[in-house]
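One letter stands for each residue in the lines below.
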Amino acid sequence: MVENSNDGDELETKTKRDTLMVFKSHRGPVLCGSLSKDVQFAVTGGADSKVYLHDLRTFGSVILTMTFFGKELYTYVDFSYDDRYIAIGDNNGTIQVYKKYINLNALIVHQHECNEKFVWIQWHHTILNRLLGLSLDGRIYSWDVPSRPKSIKPFNAETTTACLTSDGNKLIVGCRTGTLNVVDLITGVLLTTVTPDIGHTSDITSVDCHANNLIISGAMDGKTIISDANTGEVIIVLHDVYVGKQRNIMQFFGMREFCDPSVMRNWTESIAIQKNVVLPMAATGTFWGEIFIWDVESKLMQHKLTHGGVTRLMWKENTSILFSASMYGNIKSFNGTTGECLYTFKCEGLSHLHSFCLSSDGKKMLTTTDDGVAVFDIEDDLLTES
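Residues numbered from 1 in each chain as written. Predicted model: local features only at pLDDT ≥ 70, side-chain atom pairs only at ≥ 80, totals over all residues. Heavy atoms only, no water.

What about the sheet that holds strand 12 (residues 118-123)?
As a general point, the strands of a sheet are linked pairwise by backbone hydrogen bonds and lie either parallel or antiparallel.
Step number 1: Read from one edge of the open sheet, four strands run 12-13-14-15, paired in antiparallel fashion. A strand with exactly one partner marks an edge of an open sheet, and here the two such strands are strand 12 and strand 15 (150-152). For this sheet the average axis-to-axis angle between neighbouring strands, irrespective of direction, equals 15 degrees.
Step number 2: The pairing of strand 13 (residues 130-135) with strand 14 (residues 140-144) spans five bridges and is classified as antiparallel. Opposite Leu 134, over in strand 14, you have Ile 140 as the bridge partner. (Pairing = 2+ DSSP bridges. Helix = DSSP H or I, 4+ residues; strand = E, 2+ residues; numbered from the N terminus. Axes fitted to C-alpha atoms, helices over the stretch in contact; angles between N-to-C directions.)

Quick notes on the nonpolar core
Step number 1: With 16 residues, the main nonpolar core has Phe 323, Ile 331, Phe 345, Phe 356, Leu 358 and Met 365 as its most contacted residues.
Step number 2: Sorting the residues of this core by element identifies strand 29 (321-326), strand 31 (341-346), strand 32 (353-358) and strand 34 (372-377) as the ones contributing at least two each.
Step number 3: Residues contacting Leu 358, with those up to four places away along its chain left out, are Leu 35, Met 314, Trp 315, Lys 316, Phe 323, Lys 364, Met 365 and Ile 378. (Core = buried A, V, L, I, M, F, W, Y, C linked by side-chain atoms within 4.5 Å. Buried < 20%, exposed > 50% of the residue type's maximum accessible area, 1.4 Å probe, protein only. Contact = heavy atoms within 4.5 Å.)

Topic: the packing of aromatic side chains
Step number 1: Under the counting rule described, the total for this entry stands at eight aromatic pairs.
Step number 2: Here the aromatic rings of Phe 292 and Trp 294 are separated by 6.1 Å at their centres, their planes lie at 40 degrees, and the arrangement is tilted. The same class applies to Phe 292 and to Trp 294, which are both buried.
Step number 3: When the centroid spacing of 6.2 Å and the interplanar angle of 55 degrees are considered together, the rings of Tyr 343 and Phe 345 count as tilted.
Step number 4: Overall, Phe 345 belongs to the buried group, its relative accessible area being 1%.
Step number 5: Linked through ring pairs, Phe 323, Tyr 343, Phe 345 and Phe 376 together constitute an aromatic cluster.
Step number 6: Of note, Lys 37 hangs over the ring of Tyr 81, and the distance from its end group to the ring centre comes to 5.2 Å.
Step number 7: Taking the ring centre of Phe 356 as reference, the NZ or CZ of Arg 312 above it sits at 5.7 Å. (Phe/Tyr/Trp six-rings, centres within 6.5 Å; stacked < 30°, edge-to-face > 60°. Lys NZ or Arg CZ within 6 Å of the ring centre and 35° of its normal.)

Brief notes about the side chain of His 200
Step number 1: Take His 200: it is sitting in the loop between strand 19 (190-194) and strand 20 (204-209).
Step number 2: The buried category is assigned to His 200, whose relative accessible area is 1%.
Step number 3: Among the polar contacts listed, one links the side chain of His 200 to the side chain of Ser 217, at a separation of 2.8 Å.
Step number 4: Those residues in contact with His 200 that sit more than four places away from it in its chain are Thr 177, Gly 178, Ser 217, Gly 218, Ala 219, Asp 221, Lys 223, Thr 224 and Ile 225. (Polar contact = N/O pair within 3.5 Å; in protein donor to acceptor, adjacent residues only side chain to side chain.)

A few points about the pattern of salt bridges
Step number 1: If you walk through the whole model with that rule in mind, you get nine salt bridges.
Step number 2: For the salt bridge of Asp 55 with Arg 57, the shortest nitrogen-to-oxygen distance reads 3.0 Å.
Step number 3: Given the relative accessible area of 7%, Asp 55 is considered buried.
Step number 4: A salt bridge links Asp 144 to Arg 130, with the shortest nitrogen-to-oxygen separation between them at 2.6 Å. Of this pair, Asp 144 sits in strand 14 while Arg 130 sits in strand 13, and the two are 14 residues apart along the sequence.
Step number 5: Residue Asp 144 is classed as partly exposed on the basis of its relative accessible area of 30%.
Step number 6: One salt-bridge network, in which partners are shared between bridges, spans Glu 158, Arg 176 and Asp 203. (Salt bridge = Lys/Arg side-chain N within 4 Å of Asp/Glu carboxyl O.)

Quick look at the pairing of strand 22 (residues 223-228)
The two faces of a sheet get side chains in turn, since along a regular strand they alternate between them.
Step number 1: Pairing of strand 21 (residues 214-219) with strand 22 involves five bridges; the strand directions are antiparallel. Of the residues in strand 22, the one forming a bridge with Leu 214 is Asp 228.
Step number 2: Here strand 21 hands over to strand 22 after three residues, with Gly 222 in that stretch at a positive phi of 90 degrees.
Step number 3: Of the strand pairs in this sheet, strand 22 and strand 23 (residues 234-240) are connected by five bridges, and their pairing is antiparallel. Pairing of Ile 225 across the sheet is with Val 237, part of strand 23.
Step number 4: What sits between the antiparallel neighbours strand 22 and strand 23 is a turn of five residues, in which Gly 232 has the positive phi angle 80 degrees.

Comments concerning the side chain of Thr 165
Step number 1: Tracing the sequence through the fold places Thr 165 in the loop between strand 16 (159-164) and strand 17 (170-175).
Step number 2: The buried category is assigned to Thr 165, whose relative accessible area is 1%.
Step number 3: Looking at Thr 165, its side chain comes within polar contact range of the side chain of Asp 167, at 2.7 Å.
Step number 4: Sequence-distant contacts of Thr 165, defined by excluding residues within four places in its chain, comprise His 125, Lys 170, Ile 172 and Cys 209.

Some thoughts on the sheet that holds strand 16
Step number 1: Ordered in space as 16-17-18-19, the four strands form an open sheet in which the pairing is antiparallel. The two strands at the open ends of the sheet, each matched to only one other strand, are strand 16 and strand 19. Between one strand axis and the next, the sheet turns by 20 degrees as a mean value, whatever way the strands run.
Step number 2: Note: strand 17 against strand 18 (residues 180-184), five bridges, orientation antiparallel. Its bridge partner being in strand 18, Lys 170 is matched across the sheet by Asp 184.

This is the structure:
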């Protein structure tokens with residue numbers, strides 16, 4: 001295992017990349033954004049109750065405004081895989097789907113209001129124009145747009161996050177109790193459960209699934225665990241952020257029986273598994289800014305990196321390049337094989353980074369912050385690193 005520190009000012013200055021274009025359409029924080037699969041358009045949603053469609057061919061000019069009644073905060077926007085539809089979700093449990101025409105008018109084709117807010121929304125990656133949603137109370141919705149939605153409720157628990165398996169047939173659902181539920185989306189049956197007595201004991205914060213049905217999950221109990229989606233068995237505890245640190249904080253406060261790890265405020269915030277089975281790599285990032293690169297096959301740590309306040313990790317498709325987003329308004333890219341920091345991308349303003357995404361061709365990146373939207377060109381030399 002190699003430990004790298006990549007927070008030096010000198011290195012950051014050398015590797016900083018400038019923005020390609022900046023959008024200032026929203027008044028207030030921009031909470032989410034997405035790039036179309038043809039990389040010609042971007043859609044953004046904000047705290048100003050507006051969703052904008054931008055034309056990247058004209059440097060982000062707004063070509064369509066979707067304004068709704070009320071004071072919704074739009075927390076999810078994304079294009080379907082054929083760019084035919086735009087899905088929009090708000091903080092009140094409403095999902096709207098728009099059909100995008102060639103003349104760039106948009107017609108609403110579906111709207112659904114849920115009694116509970118959605119904690120997870122995603123277009124299905126193997127079934128065209130199927131939109132999935134998970135509500136806070138554990139109900140799973142499925143829309144074959146433009147048809148009406150169907151829903152199942154295979155368990156009773158308050159949920160926090162979810163992920164689809166690689167084959168798209170199962171949904172891994174994380175709960176506030178620390179439970180992981182594996183649901184068959186074809187039959188609607190609860191297949192397996194990783195229970196708190198063998199797994200996590202508090203809110204699941206992030207989860208991802210490998211092609212061989214291995215689940216990697218993180219929770220506010222500080223543990224990162226690998227479990228089996230087929231059997232519900234815990235295979236290994238990869239990491240525990242409180243091991244070796246709880247004793248230090250007890251000594252600092254002079255309390256021999258101090259045992260509440262929540263005071264330390266650290267947990268696994270994001271998990272990303274490289275879906276290419278030729279590259280058996282996974283990354284986990286903590287709230288305190290530690291990034292761990294793992295070999296999925298051996299379950300061994302390869303690198304420990306630093307990037308303050310990790311909020312999301314994402315692998316560049318079919319490469320060993322890892323992108324890490326920080327709450328402090330920047331994104332770093334790392335070579336997952338060597339642990340080297342390749343570039344630092346400084347987002348718009350100095351405020352909180354809410355979201356980022358990579359284009360389908362891997363050549364552009366979009367970020368949203370309290371101060372606006374920025375699009376970066378990702379250079380070819382970064383893309384060819386491996």
